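Below are the chains, spelled out letter by letter.
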Amino acid sequence: MNSSSTAEERGTVETSDVIVIGAGFAGLTAARELSRSGHRTILLEAKDRIAGRTHLAEHLGRDLELGGTWVHWTQPFVWAAMGRYGIKALPGPEFTQASWTVNGQRHQGTAESLLELLDGPNRMLLAAARRYFPLPWSPLDNPDVADIDELTLSEAIDRLDLPEDQRQLLRSFWTLNFNGKLDQAAYSQALRWCAVASGDWKLMFEACASFKIDGGTRRLAEAILADSTAELRLNQVVCSIKQDDKGVLVTTVAGKQYTARQLILALPLSVLNHIDIQPPLSRGKKEAAARGQAGLGAKLWIRVQGRQERFVAFGPETAALNFVQAEYIDHDTTTLVCFGPDAGAVDLTDAAAAQRHLDAIVPGLKVLDVAGHDWVADEYARSTWPMHYTGYLTRSLAELQRPEGRIRLAGSDFANGWGGFIDGAIESGFDAAREAASALGNDARSPFQAPVVV
Ligand SMILES: Cc1cc2nc3c(=O)[nH]c(=O)nc-3n(C[C@H](O)[C@H](O)[C@H](O)COP(=O)(O)OP(=O)(O)OC[C@H]3O[C@@H](n4cnc5c(N)ncnc54)[C@H](O)[C@@H]3O)c2cc1C
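Everything quoted here is computed from the prediction, not taken from an experiment.

1. Structural notes on the nonpolar core
In terms of nonpolar packing, the biggest core is built from 90 residues, with I21, L125, L153, W174, I241 and L265 touching the most fellow members. In terms of residues, this core owes the most to one element, helix α8 (residues 187–196), which gives seven residues. Lining this core are residues from two domains, each supplying at least three of them: domain 1 (3–52 + 216–292 + 383–442) and domain 2 (115–209). Once you skip the residues sitting within four places of it in the chain, L265 turns out to touch I21, I241, L272, I277, I407, R408, L409 and A410. If you look at the next biggest cluster of nonpolar residues, it comprises 35 residues, including V20, A51, F211 and A436.

Put into structure tokens, the structure is as follows:
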């Protein structure tokens, strides 16, 4: 009859109540919730590992987080997940020294003095956070957001009319937060971040870079998986999805097929259009996926010679690496974590290039080796942390959260609260699981009767 019956004859079709595609924090959470409530759940993951855009891996002589890292007590979902599994948060180091390059001049001071320099401009930029987001956890229920959702962060900063050195420093600070360029970045996303941190930009910044997960992100991801009876299938690159009134049929590039009554697509926004979905997702979803996210930058680890001061450094917003932080200080080496707004400008394997990039903002350090993962070139991520372009909240988010038949999206890209963070991924995984469970409950078919999709 069709490819599904052929595959069925070959015995390669697996049937479950629900399929979750993507084993990042959203997919892991959704799969745990559904499986623990008695639904047979298959979790399909393209890579040979779980945890998605977080990845703890051994490099430069220690376990390094190549992707998502920091968590905070203002982030209820990830904090609760850690508590559930008895995983502690490790406070990060206190930074003492700072440098910042503005108007072509490098300045040095204490980390505290750098924070003070950023304080006034950030207060001005973010003063209206709670006015536009009186309900920070319901981004779609804040009608005034429509007034500013088309404003770029670049425009919003320039409107403040700051002295040039403050303007440049503020732009570099937000280039770091967006891990991307500011010219299409949404001002509303900056306000939203600040609003979920109760309108306090310093708390927001602390949330972004203070506490790490004891044992790393992999430990938390593995704990969620171990608490689940979902059947994980690694190395399953999904290339097509069909749905009809009977169910969904998922096909991998290797030709393996899976059927179920409900499907959760726990994928990054920018990946969605690379899967053939029939009938196609709505125009609104496809347009949002085609535009993607503004987080298109680099995270690079650099080991340098010598025991350095505990410093942070901002370069110009256009620098290949515009932020550097001395993260691990050992006996005779120091390991720096660095960020830049354009993944294409940083070769994550090239120590000589890293030396040039570092010299531009922190001269005098000798690079020994480097490590990183290019999330933008990674076909299963195509972005770093999801930071929205203009118009996302008013034009895209509601549509992206709207299920289409048996398919619903989950992920940090689609979260209500800490969108862009691990916390948002977990939040969204809960939502998708609850809705899928409800849809399964409304479906009278017995759990293991295979739907047939033609
Ligand atoms: C460099 C970097 C730094 C970050 N820093 C922080 C931080 O400090 N704190 C923080 O909270 N967040 C941070 N984040 C963001 C955070 O990591 C993500 O928001 C979160 O992990 C996303 O989870 P997710 O489940 O929504 O998506 P993902 O983790 O992207 O999961 C999606 C999964 O789908 C899989 N997949 C894709 N395509 C297919 C396919 N065709 N078939 C099958 N599977 C597929 C992928 O392999 C992946 O496993 C950072 C991210 C990056 C990249």
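Now that the structure is up, let's keep going.
2. Considerations on the environment of Q166
Counting through the fold element by element, Q166 comes out in helix α7 (residues 164–178). A sequence separation of 259 residues divides Q166 from A425, and the C-alpha atoms of the two residues are 34 Å apart.

3. Considerations on the sheet that holds strand β1 (residues 13–15)
What the five strands build is an open sheet, ordered β1-β14-β13-β12-β16; its pairing is mixed. Only two strands of the sheet have a single partner each, and these edge strands are β1 and β16 (276–278). Recorded for the sheet is a direction-independent mean angle of 15 degrees between the axes of neighbouring strands. Pairing geometry for strand β12 (residues 238–243) and strand β13 (residues 248–252), over five bridges, is antiparallel. Each residue of the ladder has a partner; that of S240, found in β13, is T251.

4. Regarding the site of the ligand
In the neighbourhood of the ligand, 37 residues make up the surrounding shell, with E45, R53, W70, S412 and I422 lying closest. Between a nitrogen atom of the ligand and a main-chain N or O atom of A46, the distance comes to 3.1 Å. I422 is positioned such that a nitrogen or oxygen atom in its backbone is 2.8 Å from an oxygen atom of the ligand. In isolation the ligand exposes 1000 Å². Once the protein is present, 98% of that is buried. At the level of elements, α2 (25–36) and α14 (422–442) are the ones that each hand at least two residues to the shell around the ligand. Here the residues of the shell around the ligand are counted per class, giving 21 nonpolar, 12 polar and four charged.

5. Some words on the domain arrangement of the protein
By domain assignment, the protein separates into domain 1 (3–52 + 216–292 + 383–442) and domain 2 (115–209). Each partner contributes to the roughly 2100 Å² buried at the junction of domain 1 and domain 2, and carbon and sulfur atoms together form 61% of this total. On the domain 1 side of the interface with domain 2, the three residues burying the most area are M387, L393 and W418, jointly 31% of the side's total. Remark: the boundary between domain 1 and domain 2 carries one salt bridge. A salt bridge links R395 to E150, with the shortest nitrogen-to-oxygen separation between them at 3.0 Å. Our enumeration of links across domain 1 and domain 2 arrives at 14 residue pairs in polar contact (both at pLDDT 80 or more). Contributing elements (two or more residues each) for the side of domain 1 that touches domain 2: α13 (392–401) and α14. The dominant element in the side of domain 1 that touches domain 2, judged by the number of residues it contributes, is α13, at seven residues.

Calculation rules
- Residues numbered from 1 in each chain as written.
- Predicted model: local features only at pLDDT ≥ 70, side-chain atom pairs only at ≥ 80, totals over all residues.
- Heavy atoms only, no water.
- Core = buried A, V, L, I, M, F, W, Y, C linked by side-chain atoms within 4.5 Å.
- Buried < 20%, exposed > 50% of the residue type's maximum accessible area, 1.4 Å probe, protein only.
- Helix = DSSP H or I, 4+ residues; strand = E, 2+ residues; numbered from the N terminus.
- Domains from an automatic or database assignment.
- Contact = heavy atoms within 4.5 Å.
- Pairing = 2+ DSSP bridges.
- Axes fitted to C-alpha atoms, helices over the stretch in contact; angles between N-to-C directions.
- Near = heavy atom within 4 Å.
- Polar contact = N/O pair within 3.5 Å; in protein donor to acceptor, adjacent residues only side chain to side chain.
- Areas by Shrake-Rupley, 256 points an atom, 1.4 Å probe, with all protein chains shown as cover.
- Nonpolar A, V, L, I, M, F, W, Y, C, P; charged D, E, K, R; others polar.
- Buried area = accessible area lost by both parts, 1.4 Å probe.
- Salt bridge = Lys/Arg side-chain N within 4 Å of Asp/Glu carboxyl O.

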